[in-house]
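A look at the structure
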Amino acid sequence: MTKLGHLVNKSMDTLGSEVSLCHISMSESTKPLHPNSQAKGEKSHGGDFSYVGIDAILEQMRRKAMKQGFELNIMVVGQSGLGKSTLMNTLFKSKVSRKSVQPNLEERIPKTIEIKSISHDIEEKGVRMKLTVIDTPGFGDQINNENCWQPLMRFINDQYEAYLQEEININRKKRIPDSRVHCCIYFIPPTGHCLRPIDVEFMRRLSKVVNIVPVIAKADTLTLEERDYFKQTIREELRANGIDVYPQKEFDDDAEDRLINDKIREMIPFAVVGSDQEYQVNGKRILGRKTKWGTIEVENSTHCEFAHLRDLLIRTHMQNIKDITGSIHYEMYRVRRLNESNANISFEPSDLPTVEPKTNGLPEELSSSLQTNGVTSQHKALTHEM
Ligand SMILES: Nc1nc2c(ncn2[C@@H]2O[C@H](COP(=O)(O)OP(=O)(O)O)[C@@H](O)[C@H]2O)c(=O)[nH]1
Ligand SMILES: [Mg+2]
């Protein structure tokens, strides 16, 4: 967790701190009697006097996670006909359209755009996931597309606001329903030239509030040279415009992360092909697009980069995408909102116990703005009372 995220939970965790103190003193006095037994390569702990069983926490966490299930909210943005719905079906092997359940939220915004979110319960090997796809069918379809990013920005912020309201409720739910947009897949039309002003504008603004994963749509319409050239041009344009797409360099956790993510950053944007049609190729069932010249296998990484996108979103980075949403994007929204509302509240100094201000691990600018408007002192007062 980032420093920021840590601080948020602190005020709610004062009770827990007593518990962790006990842990510290216990671990001091219960060091294994044979500290070298693990180092000697003893895998089995049957009859091993020094075995405590801390590793069993992993199994407990797995069981809890299996029971709770997972939530993932993906927004797809791009002009009509770029293959957004098809790609979602490809990603989740058509489970998205087949298992379509309650269309839970429908928001109509006049003029520019209509945002629709549809939830699906999907399950694989006993692991349940509630996948919500937020579709934005009319994005960029108008003649004048000025400010067409605004309804999407508003939608994203509305989800943060809903979460914040649940969080600051006195009677908080055991699990706050999470409708925050974890990831926004932005579909770039396969023109082979460069980004359009609308692409730059959208990604420049939205990359500050949500994880953006840009893709080149319908990449089968480009030759390999055109594709490489286009990808390189887009990377340069993103850099030139200061657009930080996912995985953002500044949020890499350590050197190992950096190494893995640098490889991904070198490949972005993924040139993808989508299909929900199944074919038999060499006796194997595949998802593909059949043409007169042959069949494009969407999951074959020599044909297109769909598999890289799938791995990033589902197999390797799903948890990280959610973590960045919670600890960076939502956190920025939360701090800003609490600052705003506290700026409007004037405290009577006598209402608060006197507490010496001290540094709190927040970045300096955030920290000082919090202290000037009274949030910090109120926060400390609460912590003191508990
Ligand atoms: N050539 C090609 N066509 C695609 C691809 N993905 C989808 N299509 C086709 O493009 C059309 C529009 O797809 P759809 O998913 O409805 O686009 P959406 O409006 O962005 O949701 C359909 O006829 C799809 O079969 C692709 O990767 N390559
Ligand atoms: Mg669609």
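Described below are features of the structure shown in this document. Just so it is clear, the model here is predicted, and its values are computed rather than measured.

Definitions and cut-offs
Residues numbered from 1 in each chain as written. Chains lettered and ligands numbered in written order. Predicted model: local features only at pLDDT ≥ 70, side-chain atom pairs only at ≥ 80, totals over all residues. Heavy atoms only, no water. Helix = DSSP H or I, 4+ residues; strand = E, 2+ residues; numbered from the N terminus. Buried < 20%, exposed > 50% of the residue type's maximum accessible area, 1.4 Å probe, protein only. Contact = heavy atoms within 4.5 Å. Phe/Tyr/Trp six-rings, centres within 6.5 Å; stacked < 30°, edge-to-face > 60°. Lys NZ or Arg CZ within 6 Å of the ring centre and 35° of its normal. Near = heavy atom within 4 Å. Polar contact = N/O pair within 3.5 Å; in protein donor to acceptor, adjacent residues only side chain to side chain. Areas by Shrake-Rupley, 256 points an atom, 1.4 Å probe, with all protein chains shown as cover. Nonpolar A, V, L, I, M, F, W, Y, C, P; charged D, E, K, R; others polar. Axes fitted to C-alpha atoms, helices over the stretch in contact; angles between N-to-C directions. Parallel < 35°, antiparallel > 145°, perpendicular 65-115°, else oblique.

Further remarks concern the environment of Gln248. Relative to the helices and strands, Gln248 resides in the loop between helix H8 (224-240) and helix H9 (255-267). A residue is classified by how much of its surface remains accessible, and Gln248, at 3% relative accessible area, is buried. Considered as a pair, Gln248 and Asn211 are 37 residues apart in the sequence and their alpha carbons are 8.5 Å apart. Contact partners of Gln248, with chain neighbours within four places excluded, come to Asn211, Arg265, Ile324 and His329.

The next point concerns the packing of aromatic side chains. Scanning the model with the defined rule gives six aromatic pairs in all. Taken together, a centroid distance of 4.9 Å and an interplanar angle of 20 degrees make the contact between Tyr186 and Phe202 stacked. In this pair, Tyr186 is assigned in strand S5 (residues 183-188) and Phe202 in helix H7 (residues 197-206), connecting sequence segments 16 residues apart. For Phe202, a relative accessible area of 1% gives the class buried. Aromatic rings pair up to connect Tyr160, Tyr163, Tyr330 and Tyr333 into one cluster. Its end group placed over the ring of Tyr163, Arg180 keeps NZ or CZ at 3.6 Å from the ring centre.

Time to look at the site of ligand 1. As a matter of local geometry, ligand 1 sits amid 13 residues, with Gly81, Lys84, Thr86, Asp220 and Gly274 nearest to it. Backbone polar atom of Gly81 to an oxygen atom of ligand 1: 2.7 Å apart, as the coordinates give it. A distance of 2.9 Å separates an oxygen atom of ligand 1 from a polar side-chain atom of Ser85. Across the complex, the protein chains shield 69% of the 580 Å² of accessible surface that ligand 1 would expose by itself. With three residues, the single largest contributor to the shell around ligand 1 is helix H4 (residues 84-91). Here the residues of the shell around ligand 1 are counted per class, giving two nonpolar, seven polar and four charged.

A word on the packing of helix H6 (residues 150-168) against helix H11 (residues 318-343). Between H6 and H11, whose axes approach to 10 Å, the crossing angle comes to 80 degrees. Considering their axes alone, H6 and H11 lie roughly perpendicular with respect to each other. On H11, the residues that touch Asn157, Tyr160, Glu161, Tyr163, Leu164, Gln165 and Glu167 of H6 are Thr325, His329, Tyr330, Tyr333, Arg334 and Arg337. Of the residues assigned to the contact of H6 with H11, the class counts are five nonpolar, four polar and four charged.

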